[in-house]
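Each chain, letter by letter, is given below.
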Amino acid sequence: MKVTGAIAPFLPLCERFLPARLAGLSVALLKSTALELAILAGHLVLYPSGMTQERRVTPTLPPPDAPRLPTEEKPPVVLLHGFIDNRSVFVLLRRFLGQHGGRHLESLNYSPLTCDIRTAAELLGRHIEDICERTGQERVDVVGHSLGGLIARYYVQRLGGDHRVRTLVTLGTPHGGTRVVPLANAHPIVRQMRPGSQVLEELREPAPGCRTHFVAFWSDLDHLMDPLETACVDHPDLMAQNIRVTGIGHLALPVHPAVAAGVRKALDTSRTGDCTTARPGGLTVA
């Protein structure tokens, strides 16, 4: 992947005046920042198209007596956006997942005025119950970006959602809390994303028998995660895999094709009842 056209004139300066290790880091930061700005500009254009709720579609189910090929049926996938965002952030990821696997995909918008993760988690639970009823499926997969992943995790761990969510994939989610932008503490839901908040302390409590498989993608250049490793799932009772992404920032996680391929692989390889423990993983995209 090449995003260096605009910053190419600055690369020799980085290499000349900085030590090799720092120069390499600076070049990576320049690339990542350029990509983040490009994605932000594109997302601002798409944002109005995602402000309304998605129209709910009931899939056409075959008659009960219709012959079926012995193929494994894949759960529906629910996409949940982050803070002050909407479903338009998943335009590319949704297209990619739709082209590979024939899944039923739906996005959920929660209000930008939402002030409580618990309330948003209850809304997600009602939405998932509706999807299961319309599709005839017992379980779903969820992909959450940033705050969306935290909302989904609260639903799974604290509201009994593990009986409905087979796999929860999070992209740049502050599982351990983030200290970035202290001035944003004026917003209640930002305070809930701070280390030591009551919500995060609830998620640290025991969760024996949790049936959901967690896959957490975290970036080493994520400017909204402080510390960076806060985007990892670290809980002794949870089946979790943490995947480090190298070379991109926070906004690129739900957009970059390499991450999309990683998400698809996580959904394809997850199986109900797997006894998966935390495993190391890595994904270099730049």
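All of the points below concern the structure found in this document. Throughout this description, residue numbers start from 1 for each chain and increase along the sequence as written. In view of the model being predicted, local features appear only for residues whose pLDDT reaches at least 70, and side-chain atom pairs are presented and counted only at 80 or more, with totals across whole chains, interfaces and linings using the full set of residues. Side-chain metrics rest on all non-hydrogen atoms present in the structure, leaving aside hydrogens and water.

**Brief notes about the overall build of the chain**
Thinking step 1. By definition, any uninterrupted DSSP run of H or I lasting at least four residues is a helix, any uninterrupted run of E lasting at least two residues is a strand, and each is numbered from the N terminus. Secondary structure summary: the chain contains 8 helices and 7 strands in total.
Thinking step 2. The classification of residues rests on relative accessible area computed with a 1.4 Å probe and restricted to protein chains. Under 20% of the type maximum is buried, over 50% is exposed, and intermediate values are partly exposed. Out of the 286 residues belonging to the chain, those deemed buried represent 48%.
Thinking step 3. Within the chain, counting contacts between residues at least 6 apart in sequence, those at least 24 apart form 81% of the total.
Thinking step 4. Only the protein chains shown count as covering a residue, and every accessible area follows the Shrake-Rupley method with a 1.4 Å probe. Accessible surface, the chain: about 14200 Å² in total, of which carbon and sulfur atoms supply 60%. By definition in these notes, contact holds between two residues if any of their heavy atoms fall within 4.5 Å.

**Quick word on the nonpolar core**
Thinking step 1. To qualify as a nonpolar core, a set must consist of buried Ala, Val, Leu, Ile, Met, Phe, Trp, Tyr and Cys residues joined through side-chain atoms within 4.5 Å. Counting 35 residues, the largest nonpolar core has I117, L124, I128 and I151 as its most contacted members.
Thinking step 2. Residue assignment for this core shows that the elements contributing at least two residues are β1 (77-80), α4 (117-135), β3 (140-145), α5 (147-158), β4 (165-171), α6 (188-192), α7 (198-204) and β5 (213-219).
Thinking step 3. Dropping the residues within four chain positions of it, I128 is found in contact with V78, V140, V142, Y155, R164 and V165.
Thinking step 4. In terms of nonpolar packing, the next biggest core, distinct from the first, is built from 26 residues, I39, L79, L97 and V245 among them.

**Points about helix α8 (residues 257-269)**
Thinking step 1. Given the number of residues in a helix, its expected span is that number minus one, multiplied by 1.5 Å. The end-to-end C-alpha distance of α8, which contains 13 residues, comes to 18 Å, matching closely the 18 Å that a straight helix rising 1.5 Å per residue would cover.
Thinking step 2. The complete set of buried residues in α8 reads V259, A260, G262, V263, A266 and L267. For α8, the buried positions fall inside an angular range of 160 degrees around the axis, keeping them on one side. Of the residues in α8, the exposed ones pointing more than 90 degrees away from the buried face are P257 and K265. The directions from the helix axis to the C-beta atoms form the arc being described.

**Digging into α5**
Thinking step 1. Taking 1.5 Å per residue, 12 residues should reach 16 Å; α5 reaches 16 Å between its end C-alpha atoms and fits that length.
Thinking step 2. The buried fraction of α5 is high, at 11 of 12 residues.

**Quick word on the pattern of salt bridges**
Thinking step 1. Put simply, a salt bridge is a Lys or Arg side-chain nitrogen that is within 4 Å of an Asp or Glu carboxyl oxygen. Counting across every chain of the model gives 14 salt bridges.
Thinking step 2. R103 is paired through a salt bridge with D268; the nearest N and O atoms lie 2.2 Å apart. Linking R103 in the loop between α3 (91-99) and β2 (105-108) with D268 in helix α8, this pair joins segments that are 165 residues apart in sequence.
Thinking step 3. A salt bridge links R118 to E202, with the nearest nitrogen and oxygen atoms 3.0 Å apart. With a gap of 84 residues between them, R118 in helix α4 and E202 in helix α7 connect regions that are remote in the sequence.
Thinking step 4. Sharing partners across several salt bridges, the network here consists of D116, R118, R158, E202 and E205.

**Description of the packing of α4 against α5**
Thinking step 1. All axes are obtained by fitting lines to C-alpha atoms, using only the stretch in contact for helices, and the reported angles, taken between N-to-C directions, cover 0 to 180 degrees. Packing of α4 against α5 brings their axes to within 8 Å, and their N-to-C directions diverge by 75 degrees. Relative to α5, the element α4 is oriented roughly perpendicular. Across from I117, R118, A120, A121, L124, G125, I128 and E129 in α4, the residues of α5 making contact are L147, L150, I151, A152, Y154 and Y155.
Thinking step 2. Residue polarity is assigned by list, with Asp, Glu, Lys and Arg as charged and Ala, Val, Leu, Ile, Met, Phe, Trp, Tyr, Cys and Pro as nonpolar; anything else, Gly included, falls into the polar class. Classifying every residue of the contact of α4 with α5 by side-chain character gives 11 nonpolar, 1 polar and 2 charged. Working rule for angles: under 35 degrees goes down as roughly parallel, over 145 as roughly antiparallel, 65 to 115 as roughly perpendicular, anything else as oblique.

**A few points about the environment of A120**
Thinking step 1. Topologically, A120 is positioned in helix α4.
Thinking step 2. Placed 31 residues apart in sequence, A120 and I151 show a C-alpha to C-alpha distance of 6.4 Å.
Thinking step 3. Dropping the residues within four chain positions of it, A120 is found in contact with T114 and I151.

**Side note on the sheet that holds β5**
Thinking step 1. As summarised here, the arrangement of the 7 strands in space is β2-β1-β3-β4-β5-β6-β7, forming an open sheet in which the pairing is parallel. Each end of this open sheet is capped by a strand with a single partner; those strands are β2 and β7 (282-284). Going from strand to strand, the sheet's axes swing by 20 degrees on average, the running direction of each strand aside.
Thinking step 2. Strand direction decides the pairing type here: strand β6 (residues 239-246) and β7, joined by 3 bridges, are parallel. Residue pairing for β7: R244 is matched across the bridge by G282.
Thinking step 3. On the sheet, α4 packs against β1, β2, β3 and β4 and is oriented at approximately 155 degrees with respect to β2.
Thinking step 4. Its contacts with the sheet put α8 on β1, β3, β4, β5, β6 and β7, and the angle it makes with β4 is roughly 160 degrees. We call two strands paired when DSSP finds no fewer than two bridges between them.

**What to know about a nonpolar patch on the surface**
Thinking step 1. Taken together, the side chains of L37, L40 and L44 define a hydrophobic patch exposed on the protein surface, amounting to about 300 Å² of accessible area.
Thinking step 2. Tracing the chain through its elements places L44 in helix α2 (residues 20-46). Exposure above 30% relative accessible area and no salt bridge define the residues that can form patches, which grow by joining like charges within 9 Å and nonpolar side chains of Val, Leu, Ile, Met, Phe, Trp and Tyr within 5 Å.

**Focus on the side chain of T114**
Thinking step 1. As for its placement among the helices and strands, T114 is situated in the loop between β2 and α4.
Thinking step 2. Classification of T114 by relative accessible area gives buried; the value is 14%.
Thinking step 3. Throughout this description, a polar contact denotes any pair of N or O atoms lying within 3.5 Å of each other; where both atoms belong to protein, one of them has to be capable of donating a hydrogen while the other can accept it, and for residues adjacent in sequence the pair is counted only when both atoms sit in side chains. For T114, the side chain forms a polar contact with the main-chain oxygen of S111, separated by 2.7 Å.

**Considering unusual backbone geometry**
Thinking step 1. The peptide bond linking D226 to P227 adopts the cis configuration, its omega dihedral lying at 5 degrees.
Thinking step 2. Relative to the helices and strands, P227 resides in the loop between β5 and β6.
Thinking step 3. A positive phi angle is found at S146, which is not glycine, with a value near 55 degrees.
Thinking step 4. Here S146 is to be found in the loop between β3 and α5.
Thinking step 5. In the Ramachandran plot, V181 falls in the positive-phi region, its phi being about 50 degrees despite a non-glycine side chain.
Thinking step 6. Its place among the elements puts V181 in the loop between β4 and α6.

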